[in-house]
Every structure is written in structure tokens, then in C-alpha cells.
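Each chain, letter by letter, is given below.
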Amino acid sequence: MKTPQSLLAPPVRTGAEQLPDGRLLGWAEWGPADGTPVLFSPGAATSRHLGFGAESVHDLGIRLISLDRPGLGASTPAPGRTLKDFAEDTRIFIERKGLDRPPAMVGNSQGAPFALACAAARTVDALALVSAADEIAEPRFSDVLPRELQQLADLCVSAPEEAGKFFAGFTPRTMWDMVMGNSPACDLAVYQREPFAGAYRKALEEGFAQGAADGYARDAVLAMGRWGLDLAAIGIPVDVWYGAEDSGHSPDQGAGLTARIPGAVRHIVPGIGGAVLWTAADQILRTLLERSGEPPRKQ
């Protein structure tokens, strides 16, 4: 396993892009300013400041750009937003940042459905889904989910406002305790070591800085409900990554999710669970560059 220092580092550039309706979309960047752009849709309730693959981003010449979804971190809330709205925000962001071509994207955990919306809209040209939160409201999962989780997924579909009120009660401490209490030892070895633990706690504090209702709560309702995305129409390369010890993000570790996306390739990484984004960053990013047709830019 790489050292904690190599797994992440503070961003080298931060800012907020103004959208046509006046909202701000917060962003943070790692790597060279003239590197190959790769967008990042981070996990549940975290802010733009929690990146990944600090050494790999530099070595491969990647300009990693993390986006705060509306209501999280530095991004203005957008009440009632949808997955497709995020894809449109991302399209505008790409245009206003002056990126020459649609970039590749990484979607982690609860950020995965939002990244899939970008793929479905052809806003990005290649996608890596890492520890992806699956569409658990799909009927095929109804017999395998724990009873409480199934009830919550049903609520997200039938009464999203009520579900949102439930998630609005979450706090940074709630999220930390939930992740620490449901992660295998191999993941805790990553999450609980410094500087990772401090960076993760800071990202949670920033993620909840505007309250949970329009940020994490809306994300959770969208991710746990029916997505309304035509995955079969996705026409870009997609790779799906799970740690072999991950039992929380997808009941079948993304087998069904991968099968729904034409040409998608599933990778199972041994010896790790949901922390695979940080421990296998180099492999994930190299594969993403190959799939997008962008050779690594040696620094």
C-alpha cells in the first residue's frame, strides 16, 4: 500500500465558476495547469478539497478537477435539482473553463450516478466509476437489500421530500461514524491514518457547511431513488472499479450495473474495499487515459 502522503494532497488551485443563473460551482485542481483534464465527482457529503492519487496525477500529467455539487462546499444550492441538471452544470463548466474537448471523468461512491448523468449526456468522453453507489431502487435488488435500506430506497422513490427530511438530519459526525462503522479493516487502515483522516474530516465539514438539506440530502435522494438515466444509450468507454472487500456500495459489486452499460468493463481489486480510489489511483487513472485516447504526459 502506498504511504498516506502519496494518496492525497491539498489542491494546488481552487475557485468557483459562475453559472448563467448566477449560481457558483466550486472547484479544486491538482496537477499541472496544462495537463490532461480529468473531472472528479466526489463521494457522499465531501467537498472539492478531498482529492486522490496525488503522486499519480503529477506523474501522468493529469489536471484533476474536482467539482462541488450544488449545496456542497462552495457550490450554491439548486433546490429540486436532478442528476441531469448536474450534467448540464458540468457542460457549462467545461465550456467556461475553456477545455478543448470533453474531458474524462471519475465518479466515486455517491458521486457515481452524477458522473453517469454526464456520460449519458456525452458531456465527458470516458468514465471511471469507482466504488459506485448502485441504483438500489431497482426492483432486482428488492430481495437482497437489508430491510431498513430497502425501506429507505422505497421512500426515496415514493416520497422524496420525506426522505430528504430524514437525510437533512445528517451531520459530519453522522457520516464519519457511518463510514467508520461499516468499513472493513483494510479500508480503516486508510481512512483512520493521518493525513487522510484529517483531510476527510475537513471535507465532511465543508460538505455540510451550508446545511444538509440542499446538499447531501438531495444527493442521497437522487442516488438512492430511480435515476431516470438511459444507461444503455451511453456511447463512451466506461470502466467500473470495486474493491473485493466492498460490500456496501453495490449488492453485486457492480456486475449488473456494468452489464447495463454497453462495452463497460468491470475491475475487482483484491485486498481493499471502498478505499480503492486511493489505493489503486494509478491503475484507475492510467486505464482512464488509455480509454479516452490520451497518452500519459510525463512530468
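Below or above, wherever it landed, is the structure these notes cover. The residue numbering used here restarts from 1 in each chain and proceeds along that chain's sequence as written. In view of the model being predicted, local features appear only for residues whose pLDDT reaches at least 70, and side-chain atom pairs are presented and counted only at 80 or more, with totals across whole chains, interfaces and linings using the full set of residues. The side-chain quantities take in all heavy atoms of the structure and omit both hydrogens and water.

Comments concerning the pattern of salt bridges
Two side chains that carry opposite charge are able to pair once their charged atoms sit near each other.
Here comes step 1: Between Lys or Arg on one side and Asp or Glu on the other, a salt bridge is scored when a side-chain nitrogen of the former is within 4 Å of a carboxyl oxygen of the latter. Inspection of every chain in the model, using the stated rule, returns 19 salt bridges.
Here comes step 2: Put simply, arginine 81 and aspartate 219 hold a salt bridge, and the shortest N to O gap is 2.8 Å. With arginine 81 in the loop between β4 (62-67) and α3 (83-96) and aspartate 219 in helix α10 (residues 216-224), the pair connects residues that are 138 residues apart, well separated along the chain. We note that arginine 81, like aspartate 219, is buried.
Here comes step 3: Of the charged contacts in the structure, one is a salt bridge between aspartate 252 and arginine 140, with a shortest N-O distance of 3.2 Å. Taken together, the positions of aspartate 252 in the loop between β7 (238-243) and α11 (255-259) and arginine 140 in the loop between β6 (126-130) and α5 (147-158) put the pair 112 residues apart, joining distant regions of the chain.
Here comes step 4: A cluster of three or more residues bridged by salt bridges with shared partners is formed by Glu135, Glu138, Arg140, Arg226, Asp252 and Arg260. Only DSSP runs of H or I covering at least 4 residues are called helices, and only runs of E covering at least 2 are called strands; the numbering of each starts at the N terminus. Working definition: with a 1.4 Å probe on protein chains only, accessible area under 20% of the residue-type maximum means buried, over 50% means exposed, and in between means partly exposed.

Side note on helix α4 (residues 112-120)
Note: α-helices contain 3.6 residues per turn, so residues at a spacing of three or four share the same orientation.
Here comes step 1: Counting buried residues in α4 gives eight out of nine residues, a clear majority hidden from the surface.
Here comes step 2: For α4, the set of buried residues is Ala112, Pro113, Phe114, Ala115, Leu116, Ala117, Cys118 and Ala119.
Here comes step 3: The inward-facing, buried residues of α4 abut β3 (36-41), α3, β5 (104-108), β6, α10 and α11.
Here comes step 4: A positive backbone phi angle near 60° is found at arginine 122, which sits one or two residues after α4. Whether two residues are in contact is decided by their heavy atoms, any of which lying within 4.5 Å being enough.

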